[in-house]
Amino acid sequence: AQSVAQPEDQVNVAEGNPLTVKCTYSVSGNPYLFWYVQYPNRGLQFLLKYITGDNLVKGSYGFEAEFNKSQTSFHLKKPSALVSDSALYFCAVRDIEDSNYQLIWGAGTKLIIKP
Amino acid sequence: DTEVTQTPKHLVMGMTNKKSLKCEQHMGHRAMYWYKQKAKKPPELMFVYSYEKLSINESVPSRFSPECPNSSLLNLHLHALQPEDSALYLCASSQEGQGAYEQYFGPGTRLTVT
């Protein structure tokens, strides 16, 4: 069965410190991987994706993620956290063989950046 | 431009009302989606349209009725809803090709059923 795990419900980081939000996945074929962010009472914003090519992908607002095929992981990282990064983060995966365009979502991780 | 627009932003309706949610994108995307999201949970897929044809209906109750009038517009018609249908309803679109498989979401409609 296809699934996405975000093992931490909440991550607390001090402003200026590096942050990591973890994501592991399970799909039957090769994955497309995505990170989205949701601010309170807002829709989801696309942050970055891995489709093919370089395992390290860079996205919006200084975020990056590394695709690790052997560990089936796609952790989200940022070198220096800002208070404004505080939000709910979702990892999502799609099997490239899936012609129905369906995303499998993680449960979400609440990121809190403290001043 | 990666904007998906949704109207209205907020909607309060009684259980006997009929209302519609609207979604629009002008990015030339081939696929459009309706999701339902409860607070602090991931979005739940309801419907997928591909090339203006319904391709997925995720066992959604018939009180929700989607419509895709053209490649840029998506509607969700609501009738005889239940209080448990109160949620944030999100529209999204994706290009589906040339490496562009990410979905772009609208700001959502906050629906309250009384």
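When helices and strands are counted, chain B shows zero helices and 11 strands. The N-to-C order of helical and strand elements in chain B reads β-β-β-β-β-β-β-β-β-β-β. Rg of the C-alpha trace for chain B: 13 Å, near the compact-globule value of 13 Å for 114 residues, within the 12% margin. Each principal axis of the C-alpha atoms in chain B carries an extent, and together these give about 45 × 25 × 20 Å. For chain B, the share of sequence-separated contacts (at least 6 apart) that also reach a separation of at least 24 residues comes to 53%.

A count of helices and strands for chain A gives zero helices and 12 strands. Reading the secondary structure of chain A in the N-to-C direction produces β-β-β-β-β-β-β-β-β-β-β-β. Taken over the C-alpha trace, chain A has a radius of gyration of 14 Å; the compact-globule value for 115 residues is 13 Å, and the two agree within 12%. Along the longest, intermediate and shortest principal axes, the C-alpha atoms of chain A span 45 × 30 × 20 Å. Sorting the 115 residues of chain A into buried and exposed places 48% on the buried side. When contacts within chain A are restricted to residue pairs at least 6 apart in sequence, those whose partners lie at least 24 apart make up 57%. Split by element, the accessible area of chain A, about 5500 Å² in all, is 47% carbon and sulfur. Distance between charge centroids for chain A: 5 Å, based on 10 positive and 10 negative side chains.

Between chain A and chain B, the contact holds 21 residues from the first and 26 residues from the second. For the pair chain A and chain B, the two sides together bury roughly 1800 Å², of which 57% comes from carbon and sulfur. Of all residues in chain A, A:L44, A:Y101 and A:W105 bury the most surface against chain B, accounting for 31% of the area lost on that side. For the interface between chain A and chain B, the tally reads two salt bridges. Here B:E96 and A:R94 are joined by a salt bridge, their closest N and O atoms 2.6 Å apart. Sort the elements by how many residues they give to the side of chain A that touches chain B and strand β5 (residues 31-38) of chain A lands first, with four residues. Its residues assigned to classes, the side of chain A that touches chain B comprises 12 nonpolar, six polar and three charged.

Conventions and cut-offs
- Position numbers for residues count from 1 along each chain, tracking the sequence in the order it is written.
- For naming, the first written chain is A and the first written ligand is 1, with later ones following in the order written.
- Selection of residues for local features in this predicted model requires a pLDDT of at least 70, selection of side-chain atom pairs for listing and counting requires 80 or more, and totals for whole chains, interfaces and linings are taken over all residues.
- Working from all heavy atoms in the structure, the side-chain values ignore hydrogens and water.
- Helical segments are the DSSP runs of H or I of at least four residues, strand segments are the runs of E of at least two, and each set is numbered from the N terminus.
- Radius of gyration means the value over C-alpha atoms here, while the globule rule gives 2.2 Å times the residue count to the 0.38 power.
- For this analysis, residues touch if any pair of their heavy atoms sits within 4.5 Å.
- When a residue's accessible area, from a 1.4 Å probe over protein chains only, is under 20% of the maximum for its type it is buried; when over 50% it is exposed; and in between it is partly exposed.
- Note on areas: Shrake-Rupley with a 1.4 Å probe; residue coverage comes only from the protein chains shown.
- When charges are tallied, Lys and Arg are placed among the positive residues and Asp and Glu among the negative ones, while His and the ends of the chain are skipped.
- By convention, the charge on Lys lies at NZ, on Arg at CZ, on Asp at CG and on Glu at CD.
- Once two parts are joined, some of their accessible surface, as seen by a 1.4 Å probe, is lost; buried area is that loss totalled over both.
- What makes a salt bridge here is a side-chain nitrogen of Lys or Arg within 4 Å of a carboxyl oxygen of Asp or Glu, nothing more.
- Just so you know the grouping, Ala, Val, Leu, Ile, Met, Phe, Trp, Tyr, Cys and Pro go in nonpolar, Asp, Glu, Lys and Arg go in charged, and all remaining residues, Gly too, go in polar.

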